[in-house]
Amino acid sequence: MKKILITGGAGFLGSHLSERLLNEGNEVICLDNYFTGSKNNILHLLGNPYFEAIRHDVIMPYFVEVDEIYNLACPASPIHYQYNPIKTTKTSVMGAINMLGLAKRINAKILQASTSEIYGDPLVHPQTENYWGNVNTIGPRSCYDEGKRCAETLFMDYHLQNEVAIKIIRIFNTYGPRMNPSDGRVVSNFIVQALKNEDITVFGEGLQTRSFQYVDDLVEGMIRMMNSRDDFIGPVNIGNPNEFTMIELAEAIIKLTNSKSKIIHLPLPKDDPTRRNPDISLAKKELNGWEPKIQLEEGLTKTISYFKELLKL
Ligand code: NAD
Ligand code: UDP
């Protein structure tokens, strides 16, 4: 049994990771300030004696003895990370410093949940890990993109300077049950709109692309990365390489929900990346042939069932 700290453990991804690690017989400490996460996401875990939920903000130091740390604390949806951009940068940067300092002190292995956003609006397609990205330093997305880029730098420097055992994964758009229905991300927005027969809000012409990964595939990749050989530290892309336009996504969701919704077009947000698609050859090679198993239709069907139940529709 390992003792594992998950920052952001009450969020969408953190709650799935907590559940899986508990099921595998580990002890999990979930650290969260509940900014975008919720106790509802972890209610079903609170009765487990090997699970502990602690209200704490990662911009402040925290001390605990654990074997591994998964650093997920950070709002992930554009409307939430842009709500208080200074706090978003602080969370990524000071959160990384605090968690890396802890890992160094207690000799724990630490994994950083980095993001495809570090590639910005990429000029290379699909994105490979050796692409340095195309990021605006002063735009509305910069607090998130640059915060996550700086966190990667800190991880690498703690590794090189202090021999901290690090792992960096770059997560591409991930969806599934327990997404916050009001955080504005495209999959949850479209599903909620379709279930309510409201207009589906496609931003811009809807020809921008994303590659959507179901949450269980990501959790599998995360755990394989944490357990990968010591000298493989990443960064490694973890995502589903099947790429869709937002119009294609809207049409798929309308079909799967039997919705009467119509597609409408709203202005495209500033700096919205045009295309995004992970090259996952490195993950396949280094993580025992890891690749996504759940494709869009199956994943959307599971997610739609969750939202139907949540919204009592
Ligand atoms: P989420 O917003 O549901 O979860 C983030 C969690 O971090 C929440 O529980 C929130 O309350 C907590 N948090 C935020 N600021 C904090 C702070 N200062 N101190 C303590 N806790 C704090 O988002 P998610 O989708 O679960 O994302 C989890 C991580 O994965 C994030 O770091 C995100 O950047 C990364 N990621 C997610 C995706 C995706 O598609 N879901 C893609 C790339 C990267
Ligand atoms: N998007 C959209 N309608 C919505 C929400 C988002 O068309 O109601 C678009 C958004 O402009 C972007 C894509 O969907 O091109 C993915 O947006 P999301 O916020 O989910 O993630 P990110 O932009 O961070 O990849």
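Anything mentioned here points back to the structure above.
Residues numbered from 1 in each chain as written. Chains lettered and ligands numbered in written order. Predicted model: local features only at pLDDT ≥ 70, side-chain atom pairs only at ≥ 80, totals over all residues. Heavy atoms only, no water.

## Digging into the nonpolar core
Most often, soluble globular proteins keep nonpolar side chains buried together rather than apart. Grouped together as the largest cluster of nonpolar side chains are 57 residues, with contacts concentrated most on L17, Y70, I169, L249 and L300. Dropping the residues within four chain positions of it, L300 is found in contact with Y175, V187, I191, L249, A252, I253 and L256. Core analysis: the second largest hydrophobic core is formed by 27 residues, V58, V64, L100 and A108 among them. (Core = buried A, V, L, I, M, F, W, Y, C linked by side-chain atoms within 4.5 Å. Buried < 20%, exposed > 50% of the residue type's maximum accessible area, 1.4 Å probe, protein only. Contact = heavy atoms within 4.5 Å.)

## Quick word on the packing of helix 4 (residues 85–106) against helix 5 (residues 142–162)
To describe two helices that pack against each other, one gives the angle between their axes and the distance between the axes. The contact between helix 4 and helix 5 brings their axes to 8 Å, and the two run at 15°. On the basis of their axis angle, the class for helix 4 and helix 5 is roughly parallel. Here helix 4 and helix 5 pass one another in a crossing that is right-handed. Contacts between helix 4 and helix 5 involve P85, T88, T89, S92, V93, A96, I97, L100, G101 and K104 on the former and, on the latter, C143, Y144, G147, K148, C150, A151, L154, F155, Y158 and N162. In terms of residue class, the contact of helix 4 with helix 5 is built from 12 nonpolar, 6 polar and 2 charged. (Axes fitted to C-alpha atoms, helices over the stretch in contact; angles between N-to-C directions. Helix = DSSP H or I, 4+ residues; strand = E, 2+ residues; numbered from the N terminus. Parallel < 35°, antiparallel > 145°, perpendicular 65-115°, else oblique. Left-handed = near helix turned anticlockwise from the far one by under 90°. Nonpolar A, V, L, I, M, F, W, Y, C, P; charged D, E, K, R; others polar.)

## Describing the packing of helix 8 (residues 246–257) against helix 10 (residues 296–310)
Viewed as axis vectors pointing N to C, helix 8 and helix 10 meet at an angle of 55°, and their least axial separation amounts to 10 Å. It follows that helix 8 is oblique to helix 10 by the angle criterion. As helix 8 packs across helix 10, the resulting crossing turns out to be right-handed. Between helix 8, through L249, A252, I253, K255, L256 and T257, and helix 10, the contact on the second element is made entirely by L296, E297, L300, T301 and I304.

## Notes on the environment of D217
Its location among the elements puts D217 in helix 7 (residues 215–226). In contact with D217, other than residues within four places in its own chain, are W290, E291, P292, K293 and I294. A distance of 2.9 Å separates a polar atom in the side chain of D217 from the backbone nitrogen of I294. (Polar contact = N/O pair within 3.5 Å; in protein donor to acceptor, adjacent residues only side chain to side chain.)

## Quick word on the site of ligand 1
Close to ligand 1 lie 30 residues; L13, D32, T36, Y144 and K148 are nearest. A distance of 2.6 Å separates an oxygen atom of ligand 1 from a polar atom in the side chain of T36. In the environment of ligand 1, a nitrogen atom lies 2.9 Å from a nitrogen or oxygen atom belonging to the side chain of D57. For ligand 1, whose accessible area on its own is 810 Å², the fraction buried by protein is 97%. Ranked by residue count, the leading element in the shell around ligand 1 is strand 5 (residues 109–115), at 3 residues. Of the residues in the shell around ligand 1, the class split is 14 nonpolar, 11 polar and 5 charged. (Near = heavy atom within 4 Å. Areas by Shrake-Rupley, 256 points an atom, 1.4 Å probe, with all protein chains shown as cover.)

That's the geometry; what it means functionally is another story.
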